[in-house]
Amino acid sequence: MRITGKCLCLGADIDTDQIIAGRYLRTKDRAVWAEHVFEDLDPLLAPRLKGAIIITGNNFGCGSSREQAPLALREAGVVGVIAPFFARIFFRNAINVGLPLLECTCRCEEGVMVTADLAEGWVQVGGTCTPAPPLSPRMLGILTAGGLVEYWRHRP
Amino acid sequence: MRSLSERLLGAPAGSYVDRPVDCSYAHDGTGVLTLEAWRAMGERGPVAPERLAILFDHIVPANTSTTANLQRELREFARTHGISFSEAGEGIAHQVMSEGRILPGEVVVGADSHTCTLGAFGAFATGMGATDVAAIWTSGMTWFKVPETIDVHLTGRLQGMAEAKDAALTYVSCLGMDGATYRALEFTGDGVSTLTMSDRLTLCNLAVETGAKTGMFYADEVTAAYLASYGKKGEPQHPEDHSCSREVALDLSDIEPVVALPHRVDSIVPVEKVAGTPLHQVFIGTCTNGRYEDLERLACMVRGKKVAVRTIVVPASRAVLQKAARTGVLDTILAAGCMVGTPGCGPCLGAHMGVIGEGEVCLSTANRNFRNRMGVGGSIYLSSVATAAAGALHGRITVPEVP
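As the structure is a prediction and not an experimental result, all values here were calculated from the model. (Residues numbered from 1 in each chain as written. Chains lettered and ligands numbered in written order. Predicted model: local features only at pLDDT ≥ 70, side-chain atom pairs only at ≥ 80, totals over all residues. Heavy atoms only, no water.)

**Section: the state of the cysteines**
Under the criterion given, the structure shown has 1 disulfide over all chains. The residue that forms a disulfide with Cys 9 of chain A is Cys 108 of chain A, at a sulfur-sulfur distance of 2.0 Å. Here the disulfide of Cys 9 of chain A and Cys 108 of chain A is left-handed, its torsion about the S-S bond being about -105°. Here Cys 9 of chain A, found in strand β1 (residues 2-9), pairs with Cys 108 of chain A, found in the loop between β4 (101-103) and β5 (113-117); they are 99 residues apart in sequence, far enough to count as distant. Note on Cys 9 of chain A: relative accessible area 27%, which makes it partly exposed. As a non-bridged cysteine, Cys 204 of chain B has Cys 116 of chain B as the owner of its nearest cysteine sulfur, 7.3 Å distant. Taking relative accessible area as the criterion, Cys 204 of chain B reaches 0% and is therefore assigned buried. No disulfide involves Cys 287 of chain B; its sulfur sits 6.6 Å from the nearest other cysteine sulfur, which is in Cys 348 of chain B. (Disulfide = S-S within 2.5 Å. Helix = DSSP H or I, 4+ residues; strand = E, 2+ residues; numbered from the N terminus. Buried < 20%, exposed > 50% of the residue type's maximum accessible area, 1.4 Å probe, protein only.)

Here is the structure:
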């Protein structure tokens, strides 16, 4: 599974409150989440997310179990997220809602094209390719199905 | 020779297992998405509804038509399918589950990150997202990666005004916000026997703030006595030698009252370092510190005095509130000028009432102080109940003293 997008650099320990604030959780309207994603981190970020691959620091998605966090990123057009490691509930949630992610410590160059292969395990930022642990077959299975809902919908 | 996680999940650390879940729950915040995902998965089951629960605690009672309609749908779903339902006002999901509904050895999955609280019973209890829980409704199972273990070795006994919350903030600071990612914490050592169930629930509650999958105590006589008060039996568990990825030693006798500074739960300092910081709000409650023992400690601190700043007290459950009403603790708290809210999560996540304004500072007994969490432009300091009570009485962060 290969993804390509424009590099967007963010820092470490970005928690789920910063991805989507608690005050926007009382709805099922996904457009609301996409509109307010990262609002408390940087209100100018949301419009820049379409087609982006976010390269971020350690522990991305720490905090609450709110699935609205990966959903908001996906709805805003984020292609994938790359971090040295993720908070574990966010990791599961992202796979479950079909948002690709990969654990990799790689350099981040704003605006440069990024390609990552989740099954082969590598990330290319501009001219630099960095190896990464590939996603497990289990995760890839869910992700390629389009998320856990699709995965279960097609199971007997 | 296995860790408690390895024993309960039945495989060595690092392996993937598919396992039936003994108990799974969602609340009004995550349940809405769980229901949507379950329907999209094909409306199978729900499998073993007697093992499922839906508990309203996040936005209670409903604040807008949108919330009320979402809650109506979820309430009707629970009733139609014979799923245990806990109405607004019954309390925080983790607290209600802790009141005799979780037993040692069980595998528990909640659609909330602080499900790790219930590891205090010697259960493998962890938080997942809404769609994972929908898959449990659909199949009765889920997958786990068996975590490696970090041993938190407790010795000594808490002294003076130090509380389990201070010990919890101390280990979080020691491990850091990502120090236990993908791992499980096991609390062991001679110090364990000095801790009440309330203390243990507080210690396990903060496990997720280190990135841990869960925090666990081995069930012992204290666990058994607590469960017996609910008419339940809890068999003791005995630690085996096991490999762990890290050991942390914590002498409870050395723990002193601390606060976590905005906006990181792992940035702690002794209370005296920030004494005098003006406060606009004090909040006592949450799944960390909203139990009867916490309200009793608050009452002890404020008896016959008046708070100097708006102070919001939210009991963790109806049972807690009822006990506080029976024993006079509630009256003492009200007489001191505190306001008391509906049992639930209260202002913890800034979604419903008790929101703080721009530039305002809240001293809270909760578990998270992320930027803007309780209101845009506000700051949150985290502390024990005694430190929060001392702050409430003086309107400034104050070192708690024996009342």
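**Regarding the packing of helix α2 (residues 28-40) of chain B against helix α5 (residues 130-139) of chain B**
Residue and element names in this part refer to chain B. At a minimum axis distance of 8 Å, the contact between α2 and α5 shows a crossing angle of 50°. Judged on the interaxial angle alone, α5 and α2 are oblique. Considering only the axes of α2 and α5, their crossing is right-handed. Every residue of α5 that contacts α2 at Thr 30, Leu 33, Thr 34, Leu 35, Ala 37 and Trp 38 is listed here: Ala 130, Thr 131, Val 133, Ala 134, Trp 137 and Thr 138. (Axes fitted to C-alpha atoms, helices over the stretch in contact; angles between N-to-C directions. Parallel < 35°, antiparallel > 145°, perpendicular 65-115°, else oblique. Left-handed = near helix turned anticlockwise from the far one by under 90°. Contact = heavy atoms within 4.5 Å.)

**Topic: the layout of surface pockets**
Looking at the largest pocket, its volume works out to about 460 Å³. Phe 91 and Glu 103 of chain A together with Tyr 16, Lys 145 and Tyr 182 of chain B are, among the 21 residues lining the largest pocket, the residues nearest its centre. When residues of the lining of the largest pocket are traced back to their parent elements, those giving at least two are α4 (88-96) and β4 of chain A together with β7 (141-145) of chain B. Of the residues forming the lining of the largest pocket, the biggest block, 3 residues, is contributed by α4 of chain A. Across the lining of the largest pocket, the residue classes tally to 11 nonpolar, 3 polar and 7 charged. The residue makeup of the lining of the largest pocket includes at least three contributed by each of domain 1 (4-145) and domain 2 (149-254) of chain B. (1 Å grid on protein atoms, 1.4 Å probe; cavity = no way out; pocket = protein on both sides within 12 Å on 5 of 7 lines; lining within 4 Å. Points joined across faces, edges and corners; volume = space filled by probe spheres on them. Nonpolar A, V, L, I, M, F, W, Y, C, P; charged D, E, K, R; others polar. Domains from an automatic or database assignment.)

**Here we look at α5 of chain B**
All names here are of chain B. When you tally the buried positions in α5, you get 9 out of 10 residues, the bulk of the element. Inspection of α5 places Ala 130, Thr 131, Asp 132, Val 133, Ala 134, Ala 135, Ile 136, Trp 137 and Thr 138 among the buried residues, and these make up the whole buried set. Positive phi appears at Gly 140, one or two residues downstream of α5, with a value of about 80°.

**Section: the packing of aromatic side chains**
Residue and element names in this part refer to chain B. This model, assessed by the stated rule, comprises 15 aromatic pairs over all chains. Between Phe 56 and Phe 85 the ring centres are 4.9 Å apart and the planes differ by 90°, which places this aromatic pair in the edge-to-face class. A residue pair is termed long-range when its members are at least 10 positions apart, and Phe 56 in the loop between β3 (52-55) and α3 (65-80) and Phe 85 in strand β4 (residues 84-86) qualify at 29 residues. Residues Phe 56 and Phe 85 agree in their burial class; the two are buried. With a centroid separation of 4.8 Å and 15° between ring planes, the pair formed by Phe 187 and Phe 217 is classed as stacked. (Phe/Tyr/Trp six-rings, centres within 6.5 Å; stacked < 30°, edge-to-face > 60°.)

**Side note on the interface of chain A and chain B**
Counting residues at the interface gives 40 residues for chain A and 49 residues for chain B. In this assembly, chain A packs against chain B so that about 3800 Å² is buried in total across both faces, 53% of it on carbon and sulfur atoms. Contact with chain B buries area across many residues of chain A, yet Arg 26, Arg 88 and Arg 92 of chain A alone supply 21% of it, more than any other trio. Counting the contacts that link chain A with chain B gives 7 salt bridges. For Arg 373 of chain B, the salt bridge identified is with Asp 17 of chain A, shortest N-O distance 2.9 Å. (Buried area = accessible area lost by both parts, 1.4 Å probe. Salt bridge = Lys/Arg side-chain N within 4 Å of Asp/Glu carboxyl O.)

**Overview of the nonpolar core**
Considering soluble globular proteins, one finds that nonpolar side chains tend to be buried as a cluster. Of all hydrophobic cores here, the largest spans 97 residues; its most connected members are Phe 38, Phe 60, Leu 73, Ile 82 and Phe 90 of chain A. Two domains each put at least three residues into this core: domain 1 (4-145) and domain 2 (149-254) of chain B. Contacts of Leu 73 of chain A, omitting those with residues within four sequence positions, involve Ile 19, Val 37, Phe 38, Ile 54, Phe 60, Val 78, Val 81, Phe 90 and Leu 99 of chain A. Grouped together as the second largest cluster of nonpolar side chains are 63 residues, Met 97, Val 108, Ala 164 and Leu 252 of chain B included. (Core = buried A, V, L, I, M, F, W, Y, C linked by side-chain atoms within 4.5 Å.)

**Some details on the pattern of salt bridges**
The final tally for this structure, using the stated rule, is 28 salt bridges over all chains. Across the salt bridge formed by Arg 2 of chain A and Asp 117 of chain A, the nearest N and O atoms sit 3.0 Å from each other. Remark: Asp 117 of chain A occurs in strand β5 and Arg 2 of chain A occurs in strand β1; sequence separation between them is 115 residues. Under the relative-accessibility criterion, Asp 117 of chain A is labelled buried at 4%. The partner of Glu 73 of chain B in a salt bridge is Arg 39 of chain B, with the nearest N and O atoms 2.7 Å apart.

**So, the domain arrangement of chain B**
Residues and elements named next belong to chain B. For chain B, the assigned domains read domain 1 (4-145), domain 2 (149-254) and domain 3 (258-394). Each of domain 1 and domain 3 has a C-alpha centre, and the two are 27 Å apart. Taken together, the contact pairs 17 residues of domain 1 with 17 residues of domain 3. Regarding the contact of domain 1 and domain 3, the summed buried area is about 1500 Å², with carbon and sulfur atoms giving 58% of it. For the interface between domain 1 and domain 3, the tally reads 1 salt bridge. Between Glu 90 and Arg 318 there is a salt bridge whose closest N-O contact spans 3.2 Å. The interface formed by domain 1 and domain 3 includes 8 residue pairs in polar contact (both at pLDDT 80 or more). (Polar contact = N/O pair within 3.5 Å; in protein donor to acceptor, adjacent residues only side chain to side chain.)

**As for the environment of Glu 36 of chain B**
Here Glu 36 of chain B is to be found in helix α2. It is 9.9 Å that separates the C-alpha atoms of Glu 36 of chain B and Leu 74 of chain B, two residues lying 38 residues apart in sequence. For Glu 36 of chain B, the residues in contact, after removing those within four places along its chain, are Lys 28 and Arg 30 of chain A. At 2.8 Å, the side chain of Glu 36 of chain B forms a polar contact with the side chain of Arg 30 of chain A.

**Some words on the sheet that holds strand β8 (residues 149-155) of chain B**
Residues and elements named next belong to chain B. The sheet built from 4 strands is open, its strands ordered β10-β9-β8-β11 with parallel pairing. Strand pairing shows two members of the sheet lacking a second neighbour, β10 (214-217) and β11 (246-251), which therefore form its edges. Ignoring strand direction, the axes of neighbouring strands in this sheet form an average angle of 20°. Helix-sheet contacts for helix α6 (residues 164-175) involve β8, β9 (184-188) and β11, and the interaxial angle to β11 is about 145°. Most of the contacts of helix α7 (residues 197-205) go to β10, to which it runs at about 155°, and overall it touches β9 and β10. (Pairing = 2+ DSSP bridges.)

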